[in-house]
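# Per-entry structural report
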Amino acid sequence: MKKAPAIALLVGYAMLIATHAYYPKWQQSGTEATLSYDVSGYYLYLPALFIYDDLRELAFLPDIIDRYHPTYDPYQAFAHESGTMVMKYSAGQAVLYAPFFAVGHLYATVSEAYPADGFSRPYQVAISVGSLLVAFLGLYVMAVLLGRYFRPGTVAVTLLLLVFGTNYLNYAAIDGAMTHNHVFTLYALLLLVTDNLYRGKDRGVGTGGFLAIGAILGLMALTRPTEILAAVLPLFWLMPLHRDGLRQRLTFIGSQLPKVAVAAIACLAIGSLQLLYWHHVTGNWIVYSYQDQGFDWLSPHLIDGLFSYKAGWLTYTPLMWFAVWGFGALYAYQRQLFAAVALHTLLFIYVAFAWSVWWYGGSLGQRTMVQAYAVLAFPLAATVGWIWDRKFWIKGVFAAICLTFVAHNLWFTHQAHRGGLFVSEWMNRSYYWRTLFTFEKHPDDAFLLDNPDFYRGSPERIDTLYTNDFETQPTKLCGMDPIEGSGSVCLIDSLSSTPEFRIPGPFKWKEYIRATADFSTGEHRSGIHNSTQLVLRFYRNGQADKYRLIRIHRALNQDPNRSLTIEARVPYDGADEVAVLVWNGGDDKSAVLMDNLVVMKLE
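In what follows, the accompanying structure is described. (Residues numbered from 1 in each chain as written. Predicted model: local features only at pLDDT ≥ 70, side-chain atom pairs only at ≥ 80, totals over all residues. Heavy atoms only, no water.)

Here we take up helix H1 (residues 4–22). A rise of 1.5 Å per residue sets the reference length of H1, with its 19 residues, at 27 Å; its end C-alpha atoms lie 26 Å apart and thus fit the reference within 8%. For H1, every residue scored as buried is listed here: Ala4, Pro5, Ala8, Leu9, Gly12, Tyr13, Met15, Leu16, Thr19 and His20. (Helix = DSSP H or I, 4+ residues; strand = E, 2+ residues; numbered from the N terminus. Expected span 1.5 Å × (residues − 1). Buried < 20%, exposed > 50% of the residue type's maximum accessible area, 1.4 Å probe, protein only.)

Here it is in structure tokens:
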């Protein structure tokens, strides 16, 4: 059993390697490449400084975007009022990339096969593989640290659960170049150095430990400024939870003030790299680079961030419920860890979900929580340790639940990359449960991403409220034959919308309205926001009270001639009228025909 953590670590490494090989981002192109989207923004400092010598103008960036397409637009930087370009993201991740960038640049420089432009294949491979090595280091440090507080079997199971059962797998093995994997490892190192400091304080505390704590904190904050919250960990680590515990800790810190000053200076020195960059580029020491994004301190998005189907942490990583429940076991069995871990977790969650873009863009679950797993590993291990001492049937139930959560995590990891059923930023409850643990893509399921309303079961009664075959509508402008008969509605260019086809009510809550129509298009449309929309509106007292829509090119891009349906439940207060219309997506869109509109009421 003493070898269990080492075996688990090797199994975890093997899983990370296998997952990396399953979807090697360095082999992908465009926005799926390693150096794409946010990662290209973190990384931009390195080619700007060491290849192009252009931190102020970033004149090379348009050419890079035209050649490699890491993003659709250069959002990684913005035009400052000083006339220069300022990078959106802070410089810490670029510092962490630097050794791997150097390897990639050296190879590209001596190779005749690749340009030394910062974005060719050698750089992609170097950053991707380097990030995988960072994950290896983080897991190793966590194995060492957890081994000081928990039995070997508990440590082994905890490591395996983190790798197989949480979105750490995705953000270490596939999207490892994002900040979360790197900051996870920095958390692990911070905890290890902190633990060494307090465990050895009776033998005398050297300056080196404080210096390392300050340097790591500075690098964490330079990477993600909110990670300065990690300072609570060295402040409260191993603090006894009794009346004199806080007094003893303050006394210890007071006795080490010169060394604490060294830590603070190290932290500030590393953090000042960002200030130096801003001053060099703009002449200002402080620049807010996130522009219209910020914090909603008084109304944090806690419920959405934790539980929503759009990107809820515990919805997409349910295994971490065991970490949440584990705080009770941690308090009972490792009480000296409780204050630091609990305080950090509470502050971290509050700050993470106070961010206005609380779903964090194209995130698989809540990527912002991944780095905190180094801290949450302790209550997770406490849960595992508690289960370890229970009866066999309790262990069996726990194992079955864990295997289900592992399958859940592996399924979502696959669907986020090759499967295609996970659609970041669009997910909702209806689509989540319709597609969970399935593997075949059905175009009609994708309509649930637009409209979560649909009639469940078989209606007892269906009343037809409206029909229109549009026989008098010419299709000449669309250059297409009618779908059926002598006419169909034609939408093209400035003819971008039908009128509202209104049906008088009244309609009662719990009734459903269904509209069906035949559609035809002669052209594929890229970009879901360019799609034609079939819209259902409810009116009450002359005012639109509720609407639902589906983007019909989700289906027409695969089959250009389809009969499509939209359903919606009547609002709680009822409705006086219901209306159906089709909007073609704008004045410059290609032709779409509609025919045979039927509106029904379902009870």
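Having seen the model, we can carry on.
So, about a positive patch on the surface. Together, Arg429, Arg456, Lys510 and Arg569 make up a region of like positive charge exposed at the surface. Here arginine 569 is to be found in strand E9 (residues 561–569). (Patch = residues over 30% accessible without salt bridge, like charges linked within 9 Å, V, L, I, M, F, W, Y side chains within 5 Å. Areas by Shrake-Rupley, 256 points an atom, 1.4 Å probe, with all protein chains shown as cover. Salt bridge = Lys/Arg side-chain N within 4 Å of Asp/Glu carboxyl O. Lys, Arg positive; Asp, Glu negative; His and termini not counted. Charge placed at Lys NZ, Arg CZ, Asp CG, Glu CD.)

Residues Val95, Leu273, Leu275, Leu276, Trp285 and Ile286 make up a contiguous nonpolar surface patch of roughly 560 Å² in combined accessible area. The element best represented in the nonpolar patch is helix H13 (residues 257–282), accounting for 3 residues. Mapping isoleucine 286 onto the fold places it in the loop between H13 and helix H14 (302–307). By relative accessible area, which is 63% here, isoleucine 286 ends up exposed.

Linking two cysteines covalently via their sulfur atoms produces the bond known as a disulfide. A full pass over the atoms with the stated rule returns 1 disulfide. Between the sulfur atoms of cysteine 478 and its disulfide mate cysteine 490 the distance is 2.0 Å. Looking along the S-S bond of the cysteine 478-cysteine 490 disulfide, the torsion reads about 100 degrees, which is the right-handed sense. One end of the pair, cysteine 478, is in the loop between strand E3 (462–468) and strand E4 (489–491); the other, cysteine 490, is in strand E4, and 12 residues separate them in sequence. Each member of the pair, cysteine 478 as well as cysteine 490, is classed as buried. (Disulfide = S-S within 2.5 Å.)

Judged by nonpolar contacts, the single largest core of 142 residues is most densely connected at Leu16, Trp237, Tyr373 and Phe378. With 13 residues, helix H6 (residues 121–146) is the single largest residue contributor to this core. Other than its neighbours up to four places away in sequence, phenylalanine 378 contacts Met142, Leu145, Leu146, Tyr149, Phe150, Leu191, Trp237, Leu330, Leu337 and Val341. Core analysis: the next-biggest nonpolar cluster, separate from the first, contains 30 residues, Phe501, Leu536, Ala568 and Val592 among them. (Core = buried A, V, L, I, M, F, W, Y, C linked by side-chain atoms within 4.5 Å. Contact = heavy atoms within 4.5 Å.)

With that out of the way, let us pick up the packing of aromatic side chains. All told, the structure shown has 43 aromatic pairs when counted by the stated rule. With 4.1 Å between their ring centres and 5 degrees between their planes, tyrosine 52 and phenylalanine 60 make a pair best called stacked. Among the aromatic residues, ring-to-ring pairing joins Tyr42, Tyr89, Tyr288, Tyr290, Phe295, Trp297, Tyr350 and Trp355 into one connected group. Seen from the ring of tyrosine 331, arginine 335 lies directly overhead, with NZ or CZ sitting 4.1 Å from the centre. (Phe/Tyr/Trp six-rings, centres within 6.5 Å; stacked < 30°, edge-to-face > 60°. Lys NZ or Arg CZ within 6 Å of the ring centre and 35° of its normal.)

Moving on, we come to the packing of helix H16 (residues 321–333) against helix H18 (residues 373–388). Helix packing for two helices is described by the angle between their axes and how far apart those axes are. Between H16 and H18, the shortest axis-to-axis distance is 7 Å and the interhelical angle comes to 75 degrees. By the criterion of interaxial angle, the relationship of H16 to H18 is roughly perpendicular. Counted together, Phe322, Ala323, Trp325, Gly326, Phe327, Ala329, Leu330 and Tyr333 of H16 and Leu376, Phe378, Pro379, Leu380, Ala382, Thr383 and Trp386 of H18 form the full contact between these two elements. Partitioned by chemical class, the residues of the contact of H16 with H18 number 13 nonpolar, 2 polar and no charged. (Axes fitted to C-alpha atoms, helices over the stretch in contact; angles between N-to-C directions. Parallel < 35°, antiparallel > 145°, perpendicular 65-115°, else oblique. Nonpolar A, V, L, I, M, F, W, Y, C, P; charged D, E, K, R; others polar.)

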